[in-house]
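So the chains spell out like this:
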Amino acid sequence: MEDILHVYLAEIYEELNIEGVYPTERRNEILSCKSDKVKREKYSAWKLLELAVKKSFGLDFNTLKFKKNESGKWLCDRFYFSLSHSKNAVAVALSTSPVGVDIEIIKEPKNWSVANKILSDFQLEKLNGLFGVNKVEYFILKWTEKESAYKMQNDIPILKINTDTDCGCEFLSKRLEFKNQPYVFTVAGKKVGNLQYFVEYLNDIQ
């Protein structure tokens, strides 16, 4: 299998067909969610993963072996993948090497004190020198870097990941308008220079 790194984006789907989700363990996980919002997010991410696997690898999704590790992360025996969602968008990253993805809507945090917990001293200094939209976008960008790095190598506690230094991965970030709202997504991986990303709509894969 050739080296690839693909990212797919889609809209959170409103109509669910959870009974058709494979494998059974993932279906039961979705069904156990008390929140309808969380159910839609988990369902949409998994169905987008199904579409992405078919397009990128040409594999029959229902023949793949999935399992959850001790930290609750879903794994596959044939490739690496990562899932993320924010507001109305869901993202899936597929790769032949370890990968992490995070997508976030560009929105000012309710409490800026969270920046003190997740940013390095250097990043905090830069953040405090910015204003308005530039400040918000910088914060969201750094948030997605840290989240995607954590998902790629989740044996490292997220608060100990410093994206200023060599944290074992490269980053590629994109700002885009999705459903008339601004988002940033970041992919963490060993090789991100050949990243391709696609916008897909879930209407085709109920």
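Keep in mind the model is a prediction, meaning the values are calculated, not measured. (Residues numbered from 1 in each chain as written. Predicted model: local features only at pLDDT ≥ 70, side-chain atom pairs only at ≥ 80, totals over all residues. Heavy atoms only, no water.)

**Student:** Explain the packing of aromatic side chains to me, please; I cannot follow it from the model alone.
**Tutor:** Note on aromatic pairs: each is described by the distance of the centres and the angle between the planes. Within the structure shown, the criterion is met by 15 aromatic pairs. Judged by centre distance (6.3 Å) and plane angle (75 degrees), the ring pair of Tyr22 and Phe61 falls under edge-to-face. Within this pair, whereas Tyr22 is found in the loop between strand E1 (5-11) and helix H1 (24-31), its partner Phe61 is found in the loop between helix H2 (36-57) and strand E2 (66-68), the two being separated by 39 residues in sequence. On the accessibility criterion, Tyr22 (26% relative accessible area) is partly exposed. An aromatic cluster is defined as three or more aromatic residues linked by ring pairs; in this entry it consists of Tyr22, Trp46, Phe57, Phe61, Phe66, Trp74, Phe79 and Phe81. The lysine or arginine in question, Lys135, covers the ring of Trp112, its NZ or CZ lying 4.7 Å from the ring centre. (Phe/Tyr/Trp six-rings, centres within 6.5 Å; stacked < 30°, edge-to-face > 60°. Helix = DSSP H or I, 4+ residues; strand = E, 2+ residues; numbered from the N terminus. Buried < 20%, exposed > 50% of the residue type's maximum accessible area, 1.4 Å probe, protein only. Lys NZ or Arg CZ within 6 Å of the ring centre and 35° of its normal.)

**Student:** Looking at this structure, how should I read the sheet that holds E1?
**Tutor:** Working definition: the strands of a sheet are paired by backbone hydrogen bonds and lie parallel or antiparallel to each other. With mixed pairing, four strands are arranged side by side in an open sheet as E4-E5-E1-E9. Of all the strands in the sheet, just strand E4 (80-86) and strand E9 (196-199) have a single pairing partner and so form its edges. This sheet shows a mean twist of 15 degrees between the axes of neighbouring strands, independent of strand direction. Two strands pair when backbone bridges link them, and E1 and strand E5 (residues 89-95) are joined in this way by seven bridges, in the antiparallel orientation. Bridge assignment links Val7 to a residue of E5, and that residue is Ala93. Contacts between H2 and the sheet are confined to E1, E4 and E5, with E5 contributing the most and set at about 40 degrees to the helix. (Pairing = 2+ DSSP bridges. Axes fitted to C-alpha atoms, helices over the stretch in contact; angles between N-to-C directions. Contact = heavy atoms within 4.5 Å.)

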